[in-house]
Amino acid sequence: MIPYSVNIKLAARTLTGTLNLQNKTAVDWGWQGLIAQGCHSSILIIDPKTSQTIQVLERHKANVVKVKWSRENYHHSLSSPYSLRLASADSAGKIIVWDVVSGTAHCEIQEHSKPIQDMDWLWTQDASRDLLLAIHPPNYIVLWNGDTGTKLWKKSYAENILSFSFDPFDPSNLALLTSEGIVFISDFSHSKPPGSGGKKVYIASPHASPAHTKPVPAALPAPTGAKKALNKVKVLITNEKPTAEAVTLNADCLQLSYLPSKRNHMLLLYPREILILDLELSQTVGVVAIERSGVPFIQVIPCAQRDALFCLHENGCITLRVCRSTTAPDESDPEQSVQELVYDLRSQCDAIRVTKTVRPYRMVICPVNENNAALTVSDGRVMLWELKAHVSKPTVNPSSGVSPLYAPVAFCGSPLGQNQKKIQDLSLNTMIGQSLVSGADPPPPSLQQEVQLKFLLTGLLSGLPLPPFALRMCPPLTTKNINHYQPLLAVGTSNGSVLVYNLTSGLLHKDLSVHSCEVKGIEWVSLTSFLSFATSTPNNAGLVRNELQHVDLPTGRCFAFRGEQGNDEPAIEMMKVSHLKQYLVVVFRDKPLELWDVRTGTLLREMAKNFPTVTALEWSPSHNLKSLKKKQLLAREAMARYTTLSDTEQSSVESSVISLLQDAESKSEGGGQAISAREHFVFTDTDGQVYHITVEGNTVKDGARIPPDGSMGSIACIAWKGDTLVLGDVDGNLNFWDLKARLSRGIPTHRGWVKKIRFAPGKGNQKLLVMYTDGAEVWDTKEVNMVSSLRIGRNVNYRILDIDWCTSDKVVLASEDGCIRVLEMAMKSASYRMDEQDLTDPVWCPYLLLPRAALTLKAFLLLQPWSGTFTMDITQVYVSALNGSHINPLESIYVLLDPELNLLQRCLLVSRLFGDESDLQFWTVAAHYLQSFAQARHLSVPVPEGQTPAEGTQATPQGHLDIYHDTLCESFYFQRFQLERVHLQEVKRSSYEHTKKCADQLLLLGQTDRAVQLLLETSADNPSYYCDSLKACLVTTITSSGPSQSTIKLVATNMIANGKLAEGVQLLCLIDKAADACRYLQTYGEWNRAAWLAKVRLNPAESSDVLKRWAEHLCSPQVNQKSKAILVLLSLGCFHKVGEMLQSMRYFDRAALFIEACLKYGVMELIGAAFVDYARLLRTLGLRESAAFWASRAGGAGEQLLEELFQGEGAVPEETEGLENTE
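Quick caveat: nothing in here was measured; it's all calculated off a predicted structure.

**Section: the overall build of the protein**
When helices and strands are tallied, the protein shows 26 helices and 61 strands. Out of the 1223 residues in the protein, the part that is buried amounts to 55%. Carbon and sulfur atoms make up 52% of the accessible area of the protein, which totals about 52500 Å².

Shown next, in the form of structure tokens:
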């Protein structure tokens, strides 16, 4: 058995309860792997893996309305370490940026005093990783530096702004959802506010659809239900304000977000449907609608790794909808296949019981893996759902209409080895295969398996119920009970249950359903049992049902302490247990008090009818137990002596002594337990007279009476400790009596009714906690002065409901906002340092470690080639960095022990474990292209550097990069995706504008026949009828004769020079001069458009030139997006350049590991300097063995460092040693 150690020092903490309505949107799941949630004015930090609250941040005065974790989209090093940064905003307009580990604020930001509508960190972090954009109502957006709190710029708009969304593909795009429509900003930058007012768009649905919409082909089954209704209502996005008869749909738009899974798509959420818009066309291309009987949406989160949507419904059900692959293999005609984007329901979790007070608020999903969701409920619960994939039998007849779902059989981007371990359901893209596009071959069946997805509830956090609360801390820690002491706090609630919390961990120890009505008071009678009383609401005669229960904690046994009595009698006002836990006084409203023996459960005395009415009562700490025990000992000794005396001596012992001894012995009959010591209590009556009553055994004696003090009003409470007695009255006066010196001293506090006073535990500790209607104070009764004070409106914004001491220097307060706070004696509500806490379950979160320790751990997990085996024994590497940290290796870490894991898989896995966004992106792209170039080389197709392998060599097992990488994808796949997109736009177009845009896209994509058809559709009364007809003729008659080409080229360049860039580019594409077109686009700053065109029209060599120019532009100081440039170069296979760039940017670890991976795949020569730099970094981290290994890999460059490393150790190790086991 583990020796039970007692943590005597309790951490200050907050136990939270139900949420406020304003906390609804305040929840976020960060790349760091933790969930932040606002609860009234505090912020909880939750670890979803062990479902425990690991920090509560307190500094806001108003309700928290938004929380956002900072992004981790930058390279982490000692100068920019892994750290937990969180921004939170409240309803009074204050934003605080936190350092979560220490619980302190980096900075506080205040602009206006209205609730912040929305805020987010900028996701490009190359220039600065501290930028925070916030909406200050009604219509300002402000960019802040979240580290210093300085304002960079502020911009106002015409309408009220409700929320915003950053374009995940282009940092200069931002969309604002306003009260009237959407505002698109395309020149967003951190250096200056957007110049224009943005492009305003209104959402409307015209009643009559325009004449030239395509009729639905008859071959298709007739649409049903909600679909039918939506086909009638084409949702248009117009630039004019909608006319009166067009219904504006914006009023109930709940949410707007860009889709992170494909570029230029956006989602709009309405209670009964989700619209997917293609922004190039400003047109709906997909609709997810709910049937009439279905449950409306509250929120939707689009995924990045797959085109999928997590939707939250009003009954708390989370559904996952995945976009259907556009090709069904049996359809030959591509025209028919694409009607609209369809999102199939693939999985849903159980709903919750929704009542008036319990309703779902928000859902967040894990940004790293996108297969975990957390749901916050208004009663303070957080439900953690995990998505699991089950391999299912292939379906024989797919009559259900939904095609089966396939999962790739691969791990971290590489096919599985023979006996390789695999983490089940690592992330969304390992659970769902890529969606197919028309024209692309599906992967062979050996590389995929059919799966079904299910949600599994893996964690649940629950909060306190609704206030009011009655608090009582268990008896204090003493030298006698130190071996088995637990700091338990009993909380009586309004529904009659008693919750017992262990304050060391802050976790619920027992939840006991004791009463049927609100618990009014609790008194402990031992370390493991307590009495609690509850009173029902009074009837017409003013009588109630009193429940007084005795509860034994270990067994949970409850029994009615007063037996049958308790129905129809005056309410119990209070109960007090004596210091030795022998006697209990129960005071009623209009009925004399009762005196009980706690040990036997018998009524000792019910006072007479003429007994005075009690207003306050307290037991005296003095008793005669010690003298009784002494007497008992003396008696035993004397008896023993008496029995051994000889007869003659016996008679000479006086008979009086014997009778005395026998008397003492009879009192202590049955050993120590049954000694009835004498105890006293004092009480006051309505006139303020103090009575003194002694109880011994079953005799009750009336003692002295002290006349009332004229300066005091009606006495409300009494506290007694040692020689100090304190009285508090209803007018806020405290009267301190020194019983030894017989002095009394009255102090007016001017705080109104003194509700409760309690002395602190501990010998000689004379601190006193006082509770008023408007707060609390701590007094020192020795000096008779106030130590600290808490007052509503001054330093807190909640009312105090109950108070108690939980140790000799900490108090516990129950407040009206539904929280229970353990505070230092100064009563400053403060967050605690996370590293001082006692967590029940250790947590995996590298961000909690010291910067140095986190990097050591990472280096350690990434590669240990020096030992030949992979171990998890972190201690042998670096003890001092990790001690005292709550690091718990996850099961996924144990996969790192697998020797089959190759270096790329290891890097990908570690970046996922660390939640490192930039690492994950880099290694995903690097792993893909390293493998595909190596494969091309293996198939002995000479590929010059800077060219992607041609289409024929693309038989790589992993297929292609996912489309969310956009222009980093292989050209052949990117082209097909764009073609399919244009088909979809064509089906959905509903106005001349749309048709024109489609024709333009088709011309750029080289689909001339289709474009001509569209151009000829223009109606004769359209002003551009003539122009379009001529254009159609031009497109069909273009020949490759020299003169016509040169004429068209001349016209095109003139057009471009005169500001008609798009038209000029089109003409150049018509005569296959797309390379020139790209150059012009780049000259005019249209870099993204140029990259797009290069991908869809140019041959590998030309396209590579264009993209290399783009990479250079991205590296330039005014753009400063080097991380994007590196990804572009990776997709071109310029591995050597990437290695050099990584090293010049001082990304030593990434550079060395990347070069090592390239060497393994044989696609590049050694850059020794990078290895030396990495070795130096490892040496500063204290990993000497690995430093030596990397230095020895560096060839000649590393010799000097090797000598330094082994100066004191004699010979330099063989340089070739260790090389074999890395290959």
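Moving on from the coordinates now.
**A look at the sheet that holds strand β24 (residues 297–302)**
Pairing in this open sheet of four strands is antiparallel, and the strands run β24-β25-β26-β27 from one edge to the other. Taken across any chain shown, the strands that pair with only one partner, and hence form the sheet edges, are β24 and β27 (343–348). Strand-to-strand twist across the sheet, computed as the mean angle between neighbouring axes with direction ignored, equals 25°. The pairing of strand β26 (residues 318–323) with β27 spans five bridges and is antiparallel. By the bridge assignment for β27, arginine 321 is matched with leucine 345.

**Observations regarding a positive patch on the surface**
A cluster of like positive charges, contributed by Lys480, Lys626, Lys629 and Lys763, occupies part of the molecular surface. Note on placement: lysine 480 falls in the loop between β35 (470–473) and β36 (488–492).

**Points about the packing of helix α17 (residues 1061–1070) against helix α18 (residues 1074–1083)**
It is at 8 Å that the axes of α17 and α18 come closest, and there the two elements cross at 160°. In this view, α17 runs roughly antiparallel relative to α18, as classed from their interaxial angle. Crossing of α17 over α18 shows left-handed handedness. Packed against α17, whose contacting residues are Leu1061, Val1065, Leu1068 and Cys1069, the element α18 presents Ala1074, Asp1076, Ala1077, Tyr1080 and Leu1081 at the interface. When its residues are assigned to classes, the contact of α17 with α18 shows eight nonpolar, no polar and one charged.

**Things to note about the side chain of serine 1103**
Assignment of secondary structure puts serine 1103 in helix α20 (residues 1100–1115). Assessed through its relative accessible area of 4%, serine 1103 is described here as buried. Those residues in contact with serine 1103 that sit more than four places away from it in its chain are Ala1094 and Leu1098.

**Thoughts on the nonpolar core**
By size, the foremost hydrophobic cluster in this structure holds 158 residues, and its most contacted members are Ile45, Leu86, Leu1093, Phe1135 and Phe1154. For this core, the leading source of residues is helix α11 (residues 917–938), giving ten residues. Counting residues in each nonpolar core, the second largest holds 31 residues, with Leu15, Val498, Tyr501 and Leu503 among its members.

**Description of the packing of aromatic side chains**
The description of an aromatic ring pair rests on the distance of the ring centres and on the angle between the ring planes. Under the criterion given, the structure shown has 23 aromatic pairs. Between tyrosine 82 and phenylalanine 914 the ring centres are 5.3 Å apart and the planes differ by 55°, which places this aromatic pair in the tilted class. Of this pair, tyrosine 82 sits in the loop between β6 (64–69) and β7 (85–90) while phenylalanine 914 sits in the loop between α10 (903–913) and α11; the two residues are 832 residues apart in sequence, bridging distant segments of the chain. Residues tyrosine 82 and phenylalanine 914 agree in their burial class; the two are buried. Aromatic side chains phenylalanine 164 and phenylalanine 166 sit 5.4 Å apart centroid to centroid with 75° between the ring planes, which places their arrangement in the edge-to-face category. A relative accessible area of 8% places phenylalanine 164 in the buried class. Feature note: the residues Tyr583, Phe611, Trp619, Phe681, Phe683 and Tyr691 constitute an aromatic cluster, connected by ring pairs. Taking the ring centre of tyrosine 140 as reference, the NZ or CZ of lysine 154 above it sits at 4.2 Å. We note lysine 155 situated over the ring of tyrosine 157; from NZ or CZ to the ring centre the distance is 5.4 Å.

Parameters and conventions
- Residues numbered from 1 in each chain as written.
- Predicted model: local features only at pLDDT ≥ 70, side-chain atom pairs only at ≥ 80, totals over all residues.
- Heavy atoms only, no water.
- Helix = DSSP H or I, 4+ residues; strand = E, 2+ residues; numbered from the N terminus.
- Buried < 20%, exposed > 50% of the residue type's maximum accessible area, 1.4 Å probe, protein only.
- Areas by Shrake-Rupley, 256 points an atom, 1.4 Å probe, with all protein chains shown as cover.
- Pairing = 2+ DSSP bridges.
- Axes fitted to C-alpha atoms, helices over the stretch in contact; angles between N-to-C directions.
- Patch = residues over 30% accessible without salt bridge, like charges linked within 9 Å, V, L, I, M, F, W, Y side chains within 5 Å.
- Salt bridge = Lys/Arg side-chain N within 4 Å of Asp/Glu carboxyl O.
- Lys, Arg positive; Asp, Glu negative; His and termini not counted.
- Charge placed at Lys NZ, Arg CZ, Asp CG, Glu CD.
- Parallel < 35°, antiparallel > 145°, perpendicular 65-115°, else oblique.
- Left-handed = near helix turned anticlockwise from the far one by under 90°.
- Contact = heavy atoms within 4.5 Å.
- Nonpolar A, V, L, I, M, F, W, Y, C, P; charged D, E, K, R; others polar.
- Core = buried A, V, L, I, M, F, W, Y, C linked by side-chain atoms within 4.5 Å.
- Phe/Tyr/Trp six-rings, centres within 6.5 Å; stacked < 30°, edge-to-face > 60°.
- Lys NZ or Arg CZ within 6 Å of the ring centre and 35° of its normal.

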